[in-house]
Structures are given as structure tokens and as C-alpha cells.
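An overview of the molecular structure
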Amino acid sequence: VAKTSLTSPPWPEVKLPDPVEEAKFHAEVVQKVNKMIAAGQYGRLFAVVHFASKQWKITSEDLIMMDNVLEAECGDRIRLEKVLLVGADDFTLIGRPLLGKDLVRVEATVIEKTESWPKINMRFWKRHKYQKKKIIVHPQTVLRINTIDIFPCLS
Amino acid sequence: RYVRQLQRLQLLFSPTAADARGARQFVEEAALDFARRHPDVVLYISPCSGPAPLLRAEYLNGTVREELIASKTSEEIVQLATKLAGQSGLDIIRIRKPFHTDNPSIQGQWHPLTNKPSALTVQGPRLQPQ
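This report concerns the structure included in the present document. Predicted model only: the values in this text are computed from it and were never measured.

**Observations regarding the interface of chain A and chain B**
- Every contact between the two is made by 26 residues of chain A and, on the other side, 19 residues of chain B.
- Across the interface of chain A and chain B, roughly 1,900 Å² is buried in total on both sides, 59% from carbon and sulfur atoms.
- Lys-83 of chain B is the partner of Glu-115 of chain A in a salt bridge, and the nearest nitrogen-oxygen pair spans 3.6 Å.
- Linking chain A with chain B are five residue pairs in polar contact (both at pLDDT 80 or more), by the criterion used here.
- Those elements that provide at least two residues to the side of chain A that touches chain B are β2 (54–58), β3 (62–66), β7 (104–115) and β10 (139–150) of chain A.
- Broken down by element, the side of chain A that touches chain B gets its largest block of residues, six residues, from β7 of chain A.
- Taken together, the residues of the side of chain A that touches chain B break down into 12 nonpolar, seven polar and seven charged.
- Here β3 of chain A pairs with strand β5 (residues 99–100) of chain B via two bridges, running antiparallel. Its bridge partner lying in β5 of chain B, Ile-64 of chain A is registered against Phe-99 of chain B.

**Section: the sheet that holds strand β3 (residues 54–59) of chain B**
Residue and element names in this part refer to chain B.
- Taken in spatial order, the four strands of this open sheet run β2-β1-β3-β4, and their pairing is mixed. Looking along the sheet, the strands with just one partner apiece sit at the ends: β2 (42–47) and β4 (64–68). Between one strand axis and the next, the sheet turns through 15 degrees on average, direction left out of account.
- Lying over the sheet, helix α1 (residues 21–37) contacts β1 (6–13) and β2, oriented at roughly 160 degrees with respect to β1.
- Lying on the sheet, helix α2 (residues 74–86) is in contact with β1, β3 and β4; it crosses β4 at an angle near 165 degrees.

Reading the values: the criteria
- Residues numbered from 1 in each chain as written.
- Chains lettered and ligands numbered in written order.
- Predicted model: local features only at pLDDT ≥ 70, side-chain atom pairs only at ≥ 80, totals over all residues.
- Heavy atoms only, no water.
- Contact = heavy atoms within 4.5 Å.
- Buried area = accessible area lost by both parts, 1.4 Å probe.
- Salt bridge = Lys/Arg side-chain N within 4 Å of Asp/Glu carboxyl O.
- Polar contact = N/O pair within 3.5 Å; in protein donor to acceptor, adjacent residues only side chain to side chain.
- Helix = DSSP H or I, 4+ residues; strand = E, 2+ residues; numbered from the N terminus.
- Nonpolar A, V, L, I, M, F, W, Y, C, P; charged D, E, K, R; others polar.
- Pairing = 2+ DSSP bridges.
- Axes fitted to C-alpha atoms, helices over the stretch in contact; angles between N-to-C directions.

Bear in mind that shape data such as this cannot, by itself, settle questions of function.
See the structure below:
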């Protein structure tokens, strides 16, 4: 059959490697990463954590503020679950969508429980003599991320 | 490793004023419980013939916050005191970012030239030897 401009798709054809070879390669990479973690060759770790309906990219010793009230007192140590991603300088561990609890451990402390600055909620319609003013103050909590730990139990 | 940011709480009220009734009840009943629950906060109670009963909070960075407690019940004063005990001395203004990091990038900050092949390895019409 003659080859026209529409016989083959316009993107370059990609040949996938052998599944057996690929499985071997994957196992090798996993073992390497496990050894690296066990030897402690990573520097700073960062993690993506889902908390208070938001996703935060956190490292150790950084501050995070929520617009809600946590049930923990000031000075309590909290463990954050729902870790989506953990990464270091050379490797990253991506979860689908979450990583296991025996792999990562993120600890944080509740530093402060304050209120926000007084926000003004005003409604006004002109020529209708309608105006309402309300000052909203909602509570906030400040967390400091203490540590992010990973353990070499990949598979 | 947690240090409470509240240094001292000074309760100024006059024993005869009518609007300091809640403050007097708080001092009689709840002040001891509050002091026991927050052992690292110093609570000073000083009756003085000032104009209005005040609850003054001093923080570790020097800011002083004064709140009126006139005509408030002792439970409200307890809630106020716990709220002040949980705060830090920073000004309550609009904060632009809800997070703060000292090391924002670990794997190197992205710039438009990351993940692009360099010009030396790309085969172009000019780089081929003729």
C-alpha cells in the first residue's frame, strides 16, 4: 500500500521496552533507593501534605497557618498523615495518591492559636438605603513542621 | 521544645466598681485553675482604683495587649485569658502568605532552561561536519 501523509500518526513512534526487562530495571532502582535511604545519604527532605483541605509543600522547620481550630493545645506534637509526595535531592517517592504510613513520618507542633485580623463584610446598594456592616474575626492556628522522616521499606 | 509566648498577665481592677464584678468572681474562683493549667504564665492580680478593669498581656517580644473586662462574666474572662495565652506577640494585621519557609527549593529552583537539551548535543544543519 502506498504511504501517504496520513498513514502514520504525526508524532514519533515510541517502542516500549520489554516488560520483563522493565520489571528487573524497576527492582534495581528500588533497591538502590532503599540502600540510599538506609545509609542516610539524603540531605533535606520535602513533602507534599494534604491538610485542612489544602495541599502544602513543606520542609522541616517551616511555618504553616490554618483558618480553623485544631483540637490540640498549644505545644502538642502532631503527626501529619496523608502524605502525597516525598522528595530529596536525588530521588522522589510519589504516592498513588497517598504514601504508606510506614514509609514517611511528618511531625509538627502547634505553636499559636490566634484570631485573624478583623475583616470587614459590608453590603451596600446605592439609591436603595441598604447597607450592612459586619466585622468577622475567625480563629487561626500556626503549626511548625519539626521533622520529616523516611524509612527504607519500599517494595 | 515549645516556649509559650505569653510572659505575664496583669489583672487590674478596683474592688468597689460595679463593672468589675466578673473580674472579682474570676479572681475568687477561676484564677487558681487558670494558673495551674498554664504553669509558664505569671499571673499578677493588683487591685487599683483605675478607671476600668483591664487585663494586660505582655509577650516575649515586648508587645503589650490590653483588653477591657468590664461587665463580663468570669467564663468570658477565662476564655479571653486562654485566647491571649495561645497568641504570640505579633501584630494582628493581614498576613500575605499562610506559610513561611527558609529553604523553599531543595532540588533546585526551576528556571526555563531546566529539562531542556543543551545546544552542544543537538544535531542541527550547521553542526554536522561537511
